[in-house]
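These are the residues of each chain, in order.
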Amino acid sequence: MRSVGSTLEDFERDLFSNLYFQRGTTIESASGSDGYHTLALTVRDRLVERYARTAAAHYDANPRFVYYLSAEYLLGRQLRQNLLYSDTERFVHPIAEDLGVTLEDLESYDVEPGLGNGGLGRLAACLLDSMATLDIPAVGYGIRYEFGIFKQGFRDGAQVERPDDWTFYGNPWEFSAPDDRQVIGFYGTTARALDDPSGLRRQWTPGETVRGEPSHMLVPGYGTQTVNIIRLWQARASRESFDLSRFGAGQYKEAVEDIVRAENISKVLYPDDSTEQGRELRLKQQYFLVACSLRDIIRRYRLRNSGWDAFPAKVVIQLNDTHPVMAVTELMRLLVDEHHLDWDLAWSITRRTFNYTCHTLLPEALETWPVSLLERLLPRHMEIIYAINYFFLQEVEATYPGDADRIRRLSIIQEEPEKRVRMAHLAVVASTAVNGVAELHTRLLQATTLRDFAELWPQKFHNVTNGVTPRRFVRLANPRLSALISERLGGEQWLTDLDRLDGLAPAADDPAFLERWRAAKRANKADLAKQVEKSTGVVIDPDALCDVMIKRFHEYKRQHLKLLHVITLFNRIRENPDLDLVPRTVLFGGKAAPGYHSMKLLIRLVNAVADAVNTDPLVSRHLKVVLLPDYNVSRAQVIIPAADLSEQISLAGKEASGTGNMKLALNGAVTIGTLDGANIEIRDRVGAENFFLFGLDAHEAAEARRDYHPREYYERDPELRAAVDAIAGGMFAKGDRGLFGPVVDAMLGRDEYLALADYRAYLECQDRIEQAWRDPDGWARMSVLNAARCGFFSSDRTVRDYCDLIWRVEPVRVLDGG
Ligand code: RUG
């Protein structure tokens, strides 16, 4: 194995060698991009060596592997992380200084792969980080979307979506592995296997084949030698797809038709599935991901094992939501049709291999696919689903004889109004373990969404509360606070043992420490202010209360409730310019799915209100409002360290967990929140006195929903009425009453997520926050205690929970190469 040296001289030598031999240029003519790519390659070299040792250690140990299947990953920028993890950051500064560049300059070329939509994709990235850090043998599988999550801009305040061509300049962190390509099928016909008397084995002849080409990125652990990988699949046409004769005859479009169709599969990340359009392609993506990954998993299994008996002992597959659930039917097909295992044995292997994480409670987020579509696209898989359902419903009938209603509710197939496959049901039936992502979420899953399953198989259900990696979201994002924490705790061990943050608690009573804590926060706010001014032109005051709501725009998250608060402040100041208000910056960040029209209109309204506030000389003295465009992981890393107040105001019972809430609390933001998702666990830990709670709880919300008349709240509360009327009267639309009419109609009509019912409690809570902010030491104390008591929310703990409760995998230590 080639060894890269560990000294500054080695690093410098490799840097120049990579510039010359890999980029083909010299220091005199190198561009900024050459500089970035060269640095990336030199850092990557250090990780490659660890990866090679990891692969060798895994081969020797032949351990049980975790295979994480996810349609989404939001990895964030790689350069700083990999510098930190390879312990080479210290080399860069002196070399860069000599060359007259800064790390910041080079980092500006580091493109974030936006292969996900939000929390679910970022959670996947945090879990991979923690698995590597804990030496868990693991591989993440995903899709290498050619275009990731769209780039968000604003035109006249409205969201415009631009494609995210993230690989345009090349991705230095990625290795292609064409030898491990796979060919998979779609469409076609099935026929009975003549030599199988049971009739359960059949033969599928696909009508179309597509090649999956893998590449992988390295996933290093922090403070350890382990480097795992994430393997991403890109769709390519199978070789015979190019029709040379048509091309020769001048039929250029027809000649490449098959190629285009195949390559479209991994062309774009779906920003949501609320539109009919593209549904077939989305299902194709899902099957493409799992079919390629399963073949790869089996290839890896067979490197050290033979036969199938040991498969569940060596392979544990975690399904991240329902998107990869077709893996269940594909494994059955491979085992039964291709490897001729008896159905019962194949089913027993399958059931012992899979586990399923559910991330939602919203019925509309639980995927179902039309049977008719599946019959056409994946005919054999549909037959397998029918067979699985048949045997499953027999089990149900045996447990609850004659309970037809229960059978109808539990069935994998929904009959009305159209026959559809319930992917969550398939996932639960085929999995050993099913988990929710926060305590309340798991409880509600068992009590409502998956209640019949929880009654049938109570032992299957577990809670694994989400977590976040402190390496990226504290150490990298917030170096100032990290330095202070390390100084106080006497080292950086907290980065891998986050419960140690507890040691900060006594410092909450030390005025000198509080002063430094505040100074770090203020400096972060000054950094944020620069970025805000650069991208929006709005000047914000680093001394103002930084009030942050960053998350996807969704009705249940209730950005409109926050906006009603902002408009109420606007009205209050205009009515009484001498009002003694705490200066506040309200910062929104988030994208709306391109087809989610009501949320796109809300974005437009947020921008319009921001304009009105920021250009009003009286109001803008106290209040600024900003919607920072194109919220992503990199922007989160700038906003989170600067936040004083974390808005977690979803209607109770709707947010499965949230993870932004954890990142913000760990960086010393105090939460204003409902009793929803992981907010509850945050509050339990930081203490009720360090958390601003308001609003209905999940039970009360469900009760209130039964007989709810939002108009009554509107009529009864003058401030609420004034805020709604301001929107309705066209105050934020140059007098146009029509533009934001639908926002008002939604509020006064159904108000699906009870924003009006929670408005007054929210406003009163915000008033209490103002009082608390006026006592700087008191606020800083709360801030320190939030960070100190949130060690539980490390994704290392989450991964340990998965290991103990579900995966039952053991770490494999990789020895130091030095
Ligand atoms: O909305 C949830 C968040 O509450 C959660 O924190 C995150 C990670 O578990 O997953 C989000 N999520 C849910 N993203 N997509 C879905 C739809 O199933």
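Values in this document were obtained by computation on a predicted structure and should not be read as measured data.

Thoughts on unusual backbone geometry
Put simply, Glu416 and Pro417 share a cis peptide bond, and its omega is -10°. Its location among the elements puts Pro417 in the loop between strand 16 (413-414) and strand 17 (420-422). Phi at Asp87 takes a positive value of approximately 55°, unusual for a residue other than glycine. In this structure, Asp87 sits in the loop between helix 3 (79-85) and helix 4 (89-99). Judged by local crowding, Asp87 falls into the exposed class, with 12 C-beta atoms found within 10 Å. Its identity is not glycine, yet Asp630 carries a phi of approximately 55°, on the positive side.

Quick word on helix 26 (residues 679-686)
Residues Asn679, Ile680, Glu681, Ile682 and Val686 constitute the buried set of helix 26. Tucked into the core, helix 26 has its buried residues touching helix 17 (439-449), strand 23 (645-648), helix 25 (660-666), strand 24 (670-673) and helix 32 (776-788). With its phi angle positive at about 100°, Gly687 sits one or two positions after the end of helix 26.

Things to note about the domain arrangement of the protein
Segmentation of the protein into domains returns domain 1 (1-59 + 91-109), domain 2 (62-77 + 112-382 + 416-465 + 803-807) and domain 3 (498-793). The C-alpha-based centres of domain 1 and domain 2 are spaced at 34 Å. In this assembly, 12 residues from domain 1 lie in contact with 12 residues from domain 2. Tallied by class, the residues present in the side of domain 1 that touches domain 2 amount to 5 nonpolar, 4 polar and 3 charged.

A closer look at the site of the ligand
The full set close to the ligand counts 16 residues, and Gly119, Leu120, His359, Ala656 and Ser657 are the nearest of them. Class assignment of the residues belonging to the shell around the ligand gives a composition of 5 nonpolar, 9 polar and 2 charged.

Things to note about the nonpolar core
Core analysis: the largest hydrophobic core is formed by 239 residues, its most contacted members being Tyr67 and Val609. When neighbours within four sequence positions are excluded, Tyr67 is seen to be in contact with Val139, Tyr141, Ile297, Val315, Val316 and Ile317.

A few points about the sheet that holds strand 20 (residues 545-550)
If you walk across this open sheet you meet the 6 strands as 22-21-20-23-24-25, and the pairing is parallel. Of all the strands in the sheet, just strand 22 (623-628) and strand 25 (692-693) have a single pairing partner and so form its edges. Alignment of strand 20 against strand 21 (residues 584-589), held across 6 bridges, turns out to be parallel. Bridge pairing in strand 21 places Ile550 opposite Gly589.

With respect to the packing of helix 6 (residues 119-133) against helix 33 (residues 795-807)
At a minimum axis separation of 8 Å, helix 6 and helix 33 run at an interaxial angle of 75°. Classed by the angle they form, the pair helix 6 and helix 33 counts as roughly perpendicular. Contacts from Cys126, Leu127, Asp129, Ser130, Met131 and Thr133 of helix 6 reach helix 33 at Ser795, Asp796, Thr798 and Val799. For the contact of helix 6 with helix 33, the residue count by class is 4 nonpolar, 4 polar and 2 charged.

What to know about the sheet that holds strand 16
Across the sheet, 3 strands lie side by side as 15-17-16; this open sheet has antiparallel pairing. Two strands bound the open sheet, and with one partner strand each, they are strand 15 (368-370) and strand 16. For strand 15 and strand 17, the ladder comprises 3 bridges, and the chain directions are antiparallel. Across the sheet, Pro370 pairs through a bridge with Arg420, a residue of strand 17. Helix 16 (residues 423-430) contacts strand 15 and strand 17 of the sheet and is inclined by roughly 45° relative to strand 17.

Conventions we followed
- Residues numbered from 1 in each chain as written.
- Predicted model: local features only at pLDDT ≥ 70, side-chain atom pairs only at ≥ 80, totals over all residues.
- Helix = DSSP H or I, 4+ residues; strand = E, 2+ residues; numbered from the N terminus.
- Buried ≥ 20, exposed ≤ 12 C-beta atoms within 10 Å, placed from the backbone.
- Contact = placed C-beta atoms within 7 Å.
- Domains from an automatic or database assignment.
- Nonpolar A, V, L, I, M, F, W, Y, C, P; charged D, E, K, R; others polar.
- Near = placed C-beta within 6 Å.
- Core = buried A, V, L, I, M, F, W, Y, C linked by C-beta atoms within 7 Å.
- Pairing = 2+ DSSP bridges.
- Axes fitted to C-alpha atoms, helices over the stretch in contact; angles between N-to-C directions.
- Parallel < 35°, antiparallel > 145°, perpendicular 65-115°, else oblique.

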